[in-house]
Amino acid sequence: MSTPGPVLRVALLGCGVVGSEVARQLNDHSTDLAARIGARLELAGVAVRRLDRDRSDTGIDPSLFTADAAGLVARDDVDLVIEVVGGIEPARSLILTAMERGKSVVTANKALLADDGYALHTAADKHGVDLYYEAAVAGAIPLLRPLRESLAGDHITRVLGIVNGTTNYILDQMDSQGTGFAEALEEAQALGYAEADPTADVDGFDAAAKAAILAGIAFHSPVSAADVHREGISDVTTADVASAKAMGAVVKLLAICELTGDGSTVGVRVHPAMIPRSHPLAGVRGAYNAVFVEAAAAGQLMFYGPGAGGAPTASAVLGDVVTVARHRVGGVTGPGGSWYADRPVRSMGQTVTRYHISLDVDDRPGVLAAVATEFARHDVSIETVRQRTEGPDGADLVIVTHQATDEALTATVNGLSQLDTVREVMSVMRVEGE
Ligand code: HSE
């Protein structure tokens, strides 16, 4: 294996869990990478927030560290920029500066892409550079490139994903061990999955950013995180999980991106849902991620693997680095952003799905009739009803509906909670995956 002559100089922004792994893999596999690219990759500098931290364990030449990220990305001897700092600023400004200076960018920054993907792609096109971000969604799983490139000739209709490992771990513990939400969250924190402040994961912000990116790519339309209907998992109870089990289902936090109606609009939502245990996504355990894609010609595809972690995320980053480096060597760029379809995002009220509703009711004549009437009043059709007696004069009533709009269901639930005979609406959860 000969070492080719040309050299491409890489600026690395961030040297945390992912950045240090990227540097390690760049170094460990340098000969193979050079042979695959046709040019040697060389670290030009590593921007960090604090220069005084001991980074000897990274194996990076200490003279490469700098606190001047803006200066590093603007340097003439830098060809490619890898951004693994995260957050909106200064990441956005650094990426824009890099692109203005003719450098291609690889980033793992889902929040930024979900917020501003359109503007960043526009800048990349204007300056004739690449912008790649496979690591931003579902870590190591090859997903964005298959959607952008392998399925570019097909018509994607739906993307259904478990794209947050922390919440999947929590829900899996609740399902398999009967653990309550708070205890499962503590376990996730102890294992290092959940952050000390778990809001981004637990409240669905992380999954919503990923859903926006997926929907934009799948449906060739600009979708931002603010367009995504988002519900987290903190209200999921052990009773919900047990109820799902009783009907052969499991609760998962799903990111759902779909073409709606006649395909003229896009639906994007993140919420907990019950899915049948027979669905491929139901078997995704622990902190793993999986994304189920439905396309007109390809049919159903499933992408599965680790969605986080230093080495897996660095694998996705390095894959992008090799791609953009090959483009540099060949004097080309890859496909840019594709927004030509420009489909608007449909409101959540018009979303059609099935629902599982659990009620605590009086157990006496006429109660079932009153409850059924409330569903009928809002044109929501009932699929199944299950009743279990609770104590001498109460009952749990579990109702699963046929497809109904979110709007109609919300009105039904409001009506149910006003009925004298309904003591409490215990849970309302969507049912997906059939
Ligand atoms: N915190 C995310 C997760 C990983 O738990 O899946 C980074 O996106």
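Residues numbered from 1 in each chain as written. Predicted model: local features only at pLDDT ≥ 70, side-chain atom pairs only at ≥ 80, totals over all residues. Heavy atoms only, no water.

A.B. asks: For the domain arrangement of the protein chain, give the residues involved together with the corresponding values.
C.D. replies: Under the domain assignment used here, the protein chain contains domain 1 (7-139 + 311-330), domain 2 (144-306) and domain 3 (349-431). Each of domain 1 and domain 2 has a C-alpha centre, and these two points are 28 Å apart. Listed by partner, the interface residues are 19 residues for domain 1 and 18 residues for domain 2. Approximately 1400 Å² of surface area, both sides summed, lies buried where domain 1 meets domain 2, with 63% of it carried by carbon and sulfur atoms. Linking domain 1 with domain 2 are 2 salt bridges, by the criterion used here. At the surface where domain 1 touches domain 2, the tally comes to 6 residue pairs in polar contact (both at pLDDT 80 or more). Elements with a minimum of two residues in the side of domain 1 that touches domain 2: α5 (110-127), β6 (131-132) and α12 (310-330). The leading source of residues in the side of domain 1 that touches domain 2 is α5, at 7 residues. Tallied by class, the residues present in the side of domain 1 that touches domain 2 amount to 11 nonpolar, 4 polar and 4 charged. (Domains from an automatic or database assignment. Contact = heavy atoms within 4.5 Å. Buried area = accessible area lost by both parts, 1.4 Å probe. Salt bridge = Lys/Arg side-chain N within 4 Å of Asp/Glu carboxyl O. Polar contact = N/O pair within 3.5 Å; in protein donor to acceptor, adjacent residues only side chain to side chain. Helix = DSSP H or I, 4+ residues; strand = E, 2+ residues; numbered from the N terminus. Nonpolar A, V, L, I, M, F, W, Y, C, P; charged D, E, K, R; others polar.)

A.B. asks: If you had to explain the site of the ligand to someone new, which residues and values would you point to?
C.D. replies: The ligand sits among Lys110, Asn164, Gly165, Thr166, Asp201, Asp206, Lys210 and Ala308. The separation between an oxygen atom of the ligand and a polar main-chain atom of glycine 165 is 2.7 Å. Within the contact set of the ligand, an oxygen atom lies 2.7 Å away from a side-chain nitrogen or oxygen of lysine 210. When isolated, the ligand has an accessible area of 260 Å², and the protein chains bury 80% of it. Of all elements in the fold, only α7 (165-177) and α10 (205-219) reach the threshold of two or more residues within the shell around the ligand. When the residues that make up the shell around the ligand are grouped by side-chain class, the tally is 1 nonpolar, 3 polar and 4 charged. (Near = heavy atom within 4 Å. Areas by Shrake-Rupley, 256 points an atom, 1.4 Å probe, with all protein chains shown as cover.)

A.B. asks: Can you lay out the pairing of strand β15 (residues 394-401) for me, pointing to particular residues and giving the numbers?
C.D. replies: Of all 8 residues in β15, 8 are buried, a share of seventy percent or more. Where strand β13 (residues 352-362) meets β15, 7 bridges bridge the pair, whose relative direction is antiparallel. When the bridges of β15 are listed, serine 358 appears paired with valine 398. Connecting strand β14 (residues 382-390) to the next strand, β15, in antiparallel fashion are 3 residues, including glycine 391 with a positive phi near 75°. (Buried < 20%, exposed > 50% of the residue type's maximum accessible area, 1.4 Å probe, protein only. Pairing = 2+ DSSP bridges.)

A.B. asks: Describe in detail the packing of aromatic side chains, supporting the description with residues and values.
C.D. replies: Geometrically, a pair of aromatic rings is defined through the distance of the ring centres and the angle of the planes. What the rule picks out here adds up to 3 aromatic pairs. With a centroid separation of 5.1 Å and an interplanar angle of 55°, the aromatic rings of tyrosine 169 and tyrosine 193 are classed as tilted. Taken together, the residues span a long stretch of sequence, with tyrosine 169 in helix α7 and tyrosine 193 in the loop between α8 (181-190) and α9 (199-202) at a distance of 24 residues. (Phe/Tyr/Trp six-rings, centres within 6.5 Å; stacked < 30°, edge-to-face > 60°.)

A.B. asks: Describe α8, naming the residues involved and giving the relevant values.
C.D. replies: Restricting attention to buried positions, one finds in α8 the residues Phe181, Ala184, Leu185 and Ala188. Mapping the buried residues of α8 onto a view down its axis gives an arc of 105°, with all of them on the same face. For α8, the exposed residues lying more than 90 degrees away from the buried face are Ala182, Glu186 and Ala190. Of the residues one or two after α8, glycine 192 is the one with positive phi, at around 85°. (Arc of directions from axis to C-beta.)

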